[in-house]
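# Structural overview
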Amino acid sequence: MAATTVWSREFTCFVTQVRIGSVALSSDYSDSQAGSHNEAGSAADQRAYLVLQSAGRWSDVFRLSPPAEAVIGRTSANQIVIRSDQASRRHARIFWSDEAWNLEDLGSRNGTFLNGQRIAEATGLRDTDLIDVAGYTIQFTRRIEGSSANGSANAGAASQVTDDQITMEMDPDAITDRRRHSHYLRGGISSASSGPGRNQTQREQSQREAADASARQLLQLAFTLARCDQASAAVDIAMDLLADVVQLNTVGAYVTPAKKSTSGDGIASVDQLSLVAARQSGQRSYRRPPDGLVKTVAAKDGQAVLARNVLGDRELATENSHGEIDVESVILSPVRDRDGVLRGLLHLTTAGGEQPMASDDLEFVVATSEILAECLSSLSTRKKLSHSLRRSRQKIRQLQEQLGDKVQIIGNSESVEKVIEQVSLVAPTNTTVLVRGESGVGKELVAAAIHHSSSRRDGPLVCMNCAALSSSLLESELFGHEKGAFTGATDRKQGKFEMADGGTLMLDEIGEMSEEIQAKFLRVLEGHAFERVGGQNPIKVDVRVIAATNRDLQAMVTEGEFRQDLFYRLHVVEIVVPPLRKRGKDVLHLAGHFLQGFNRDIGRKIEGFTEAAQKRLLTYSWPGNVRELKNVIERAVVLNTKQVIDDVDLSLSPAKRGGQIDPSANTSAGDVEVTLAEIERNHIETVLRHTGGNKSRASSILGIERSTLDRKLKRFAKDDA
């Protein structure tokens, strides 16, 4: 990149962005003051430079040429301006005398230092000397290459360079005024002091007033963008403000698509940046900046840049239709949010012959970019959240539809309609409910229907089978345990009551709970706090309890197997779910419902049942109730290759009906020729398979005592031996 901006007719410092706190360094130079390079020695001997570096890169270069001198100080009339309260108005000067460049302190308050030593009189300068003024370090050097703000020089760079070669030796980024953040948004501005005072010049007060006006405009911009709901509207508002405040000819805004990503080095691809809006004044049309400049500014550590005297420089501006570079100054600012995500670019230009943009303009553009970046970031986040919310709502509707199938009580029989009515009446309350019925009738389904029809529907529904655990494990599952409470308790565990806080706890086979657990369970039902096993901290929860059983709890109370006070506490509302054999044609409704579900899940297209199959479904006694019917239909769907299910596709177990063998359970002559002992054994084994090996539930279905079932199983095992 050709750094033509270094030698403008009226050289203006390109380092006003290099700050300590809220102060800045800038410089001015006029070639008209320079005189001849040959008046007091050779050009090579007289030539020297003052160099400032920022972040290891060239930040400003001031050329010294006799007989002109360079005065350093706080006022704008100086050649090198230091905007710091530590600097005097005229702090120090550098001048040519006795065939050498000299440094002199002008009676400053805080002194002038050369290589760390305070000077009291004019002192000659040597190559790579370091000048310290008001906390700023400036290097004096005879040549550009190898100069460094920390005093190190490139010893290998011995060749001298001409004025025309100077710009080629510099980092192209360093020839522009660069700024990462705007002090408008960080408690500081570029004016000389914090407020009007006796020592302020009229110009400084004017600068302060202009800065205050800019701050008010930026505040208004922030409020306006906060109300925007479209990125395009936000960009238009920001561009309108820039066109009103900054004296420019063209301005363009680029936005990075949200789904596009940057390359591994953090540089956004040029083709990712889309021009979304442009403004122009006069006949000059807007033109895109060069790709090289875009890549530099859009890089991960890229800063906003101001380049002046750009005429003819194709690295900093794009030629017009006549092949000419007619741009005087350029500002290119990244629109980057606080997370470092590049949202776009703002590009401003002035035409040749027009007043170039200044550092204050860059300050304002950077502030506008930061505000716009946060607006675009918020809009992007809002869009993502809105999209996520729509997807979540859609997913919730799907889950509710799927859950509706699972909690739907299907049937038109009088007994089922009574159950549905009871559910609708009890659901809105917090009353404890006892659900009774044979195994497999759908007691858990009734509990789920109560929960999802209640005000606790958004809370958890926790289900637990009390018959599947021993007394000690049941206590741990219900109330939780602390770490080390017993052997194997390696971590703290929440119990089902804690998990169901704010929702519903459904306890199946409540009649299998031991008397010790019944007592603790009763205290929780009465509203008392409980402790985890091995714990001492009381825990209080808000849980609705629905208990279920296939046993006669009242008979168990009479026999002393169940606490009477707990029975009365549970028996506030009792819902009895009828067995499937007493629901008439509900069997066909349920079979059709299961058929549709398995068709969808397995991918079959079975249309229905034959008359023979329907007759068999109606005449079978269904000892396993709805659970058995569901298993039969699933098997028929999985193993069926026809479009309908026939009676031979139904795998029904031999069962008793009304004290007689169900003739519909056997369809072949071979099935008839079996002994009663074989039928009994087959049926017991079938019931045990349906109950998952649960002997208590199997004995209840079979209508025999648990001890009787155990004796029969022992006899079967002995016969097989």
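Residues numbered from 1 in each chain as written. Predicted model: local features only at pLDDT ≥ 70, side-chain atom pairs only at ≥ 80, totals over all residues. Heavy atoms only, no water.

As annotated in an unreviewed UniProt entry, the protein carries the name Transcriptional regulatory protein ZraR and comes from Stieleria marina.

Once that is clear, we can look at the overall build of the protein. Check the secondary structure of the protein and you find 20 helices and 29 strands. When the 721 residues of the protein are sorted by exposure, 47% land in the buried category. Sequence separation of 24 or more characterises 64% of the internal contacts of the protein that already satisfy a separation of 6 or more. Accessible surface for the protein amounts to roughly 35700 Å². Of this, 47% is attributable to carbon and sulfur atoms. (Helix = DSSP H or I, 4+ residues; strand = E, 2+ residues; numbered from the N terminus. Buried < 20%, exposed > 50% of the residue type's maximum accessible area, 1.4 Å probe, protein only. Contact = heavy atoms within 4.5 Å. Areas by Shrake-Rupley, 256 points an atom, 1.4 Å probe, with all protein chains shown as cover.)

Buried residues of helix α9 (residues 471-479): L474, E475, S476, E477, L478 and F479, and no others. Summarising the contacts, the buried residues of α9 are in contact with β22 (461-465), α10 (496-499), β23 (504-508) and α11 (515-525). G480 occupies a position one or two residues after α9 and carries a positive phi of about 80°.

With that settled, consider the sheet that holds β22. Sheet architecture is open: five strands sit in the order β22-β23-β24-β21-β25, paired in parallel fashion. Either end of the sheet is taken by a strand with one partner, and the two such strands are β22 and β25 (573-576). Strand after strand, the sheet turns through a mean of 20° between neighbouring axes, direction not considered. Pairing between β22 and β23: five bridges, direction parallel. Bridging from a neighbouring strand, M464 pairs with L507 of β23. (Pairing = 2+ DSSP bridges. Axes fitted to C-alpha atoms, helices over the stretch in contact; angles between N-to-C directions.)

The next thing to look at is the pattern of salt bridges. A side chain with one charge may pair with a side chain of the opposite charge, provided their charged atoms come close. One pass over the full model with this rule turns up 27 salt bridges. A salt bridge links R338 to E374; the nearest nitrogen and oxygen atoms lie 3.1 Å apart. Placement of R338 in the loop between β19 (327-336) and β20 (342-351) and of E374 in helix α6 (residues 359-407) is noted, with a sequence separation of 36 residues between them. By relative accessible area, which is 71% here, R338 ends up exposed. Residues joined by salt bridges that share partners form a network here, namely E482, R492, E498 and R532. (Salt bridge = Lys/Arg side-chain N within 4 Å of Asp/Glu carboxyl O.)

What follows covers the confidence of the model for the protein. Interpreting fine coordinate detail is not advised for predicted regions of low pLDDT. Overall, the prediction assigns the protein a mean pLDDT of 77, with 77% of residues at 70 or greater. This model gives residues 145-176 a pLDDT under 50, and the stretch forms 76 contacts once residues within four places in sequence are excluded. (pLDDT = per-residue confidence, 0-100.)

Before going further, it helps to examine the packing of aromatic side chains. Taken as a whole and judged by the stated rule, the model has eight aromatic pairs. Between the aromatic rings of W96 and W101, the centroid separation amounts to 5.3 Å while the plane-to-plane angle is 70°, which identifies the pairing as edge-to-face. We note that W96, like W101, is buried. Considering the side-chain rings of F497 and F521, the 6.1 Å spacing of their centres and the 45° angle between planes classify their relative orientation as tilted. Of this pair, F497 sits in helix α10 while F521 sits in helix α11, and the two are 24 residues apart along the sequence. Note on accessibility: F497 and F521 belong to one class, buried. Cation over ring: R93 sits above F95, and NZ or CZ is 3.9 Å from the ring centre. Positioned above the aromatic ring of F479, the side-chain terminus of K520 is 4.5 Å from the ring centre. (Phe/Tyr/Trp six-rings, centres within 6.5 Å; stacked < 30°, edge-to-face > 60°. Lys NZ or Arg CZ within 6 Å of the ring centre and 35° of its normal.)

Moving on, we get to unusual backbone geometry. One non-glycine residue, A134, adopts positive backbone phi at about 55°. Even without a glycine there, the phi angle at N625 is positive, about 60°. When you line up the elements, N625 lands in helix α16 (residues 625-639).

Across soluble globular proteins, nonpolar side chains show a tendency to be buried alongside one another. Counting residues in each nonpolar core, the largest one holds 33 residues, and the members touching the most others are L225, L242, V246, I331, L346, L348 and L372. Considering each element in turn, this core owes the most residues, eleven residues, to α6. V246 has contacts with L348, M357, D361, F364 and V365, leaving out every residue within four places of it along the chain. (Core = buried A, V, L, I, M, F, W, Y, C linked by side-chain atoms within 4.5 Å.)

Turning our attention to the environment of V327. Within the element layout of this structure, V327 appears in strand β19. According to the relative accessible area criterion, V327 is buried, its value standing at 2%. In this structure, the C-alpha to C-alpha distance between V327 and V310, residues 17 residues apart in sequence, is 5.9 Å.

Remark: helix α14 (residues 586-602) packs on helix α15 (residues 611-619), axes separated minimally by 9 Å, with the N-to-C direction vectors making an angle of 120°. Looking at the two axes, α14 sits oblique to α15. The element α14 and its partner α15 pack so that their crossing is right-handed. Along the contact surface, α14 presents V587, L588 and A591, while α15 presents Q614, L617 and L618. (Parallel < 35°, antiparallel > 145°, perpendicular 65-115°, else oblique. Left-handed = near helix turned anticlockwise from the far one by under 90°.)

Within the secondary structure layout, S454 lies in the loop between α8 (443-452) and β22. Note on S454: relative accessible area 2%, which makes it buried. A distance of 2.6 Å separates a polar atom in the side chain of S454 from the backbone oxygen of H451. With residues near it in sequence (within four places) discarded, S454 still touches A427 and R544. (Polar contact = N/O pair within 3.5 Å; in protein donor to acceptor, adjacent residues only side chain to side chain.)

With that out of the way, let us pick up the packing of α14 against α16. Packing of α14 against α16 brings their axes to within 9 Å, and their N-to-C directions diverge by 45°. Between α14 and α16, the angle falls in the class oblique. The two elements α14 and α16 cross, and the hand of that crossing is right-handed. Of the residues in α16, those touching α14 at V587, L590, A591, F594, L595, F598, N599 and I602 are V626, L629, K630, I633, E634, V637 and V638. Class assignment of the residues belonging to the contact of α14 with α16 gives a composition of twelve nonpolar, one polar and two charged. (Nonpolar A, V, L, I, M, F, W, Y, C, P; charged D, E, K, R; others polar.)

Attention shifts here to the side chain of Q518. Mapping Q518 onto the fold places it in helix α11. Within polar-contact distance, the side chain of Q518 engages the backbone nitrogen of R563 at 2.9 Å. Filtering out sequence-adjacent residues up to four positions away, Q518 remains in contact with M513, E561, F562, R563 and L566.

Burial runs high along strand β16 (residues 250-255): five of the six residues are buried. Of the pairings in the sheet, the one linking β16 to β20 comprises six bridges and is antiparallel in character. Bridge assignment links V255 to a residue of β20, and that residue is G344. Summarising the sheet, β16 and strand β17 (residues 274-280) pair through six bridges and their orientation is antiparallel. In the strand pairing of β17, G252 is matched with A278.

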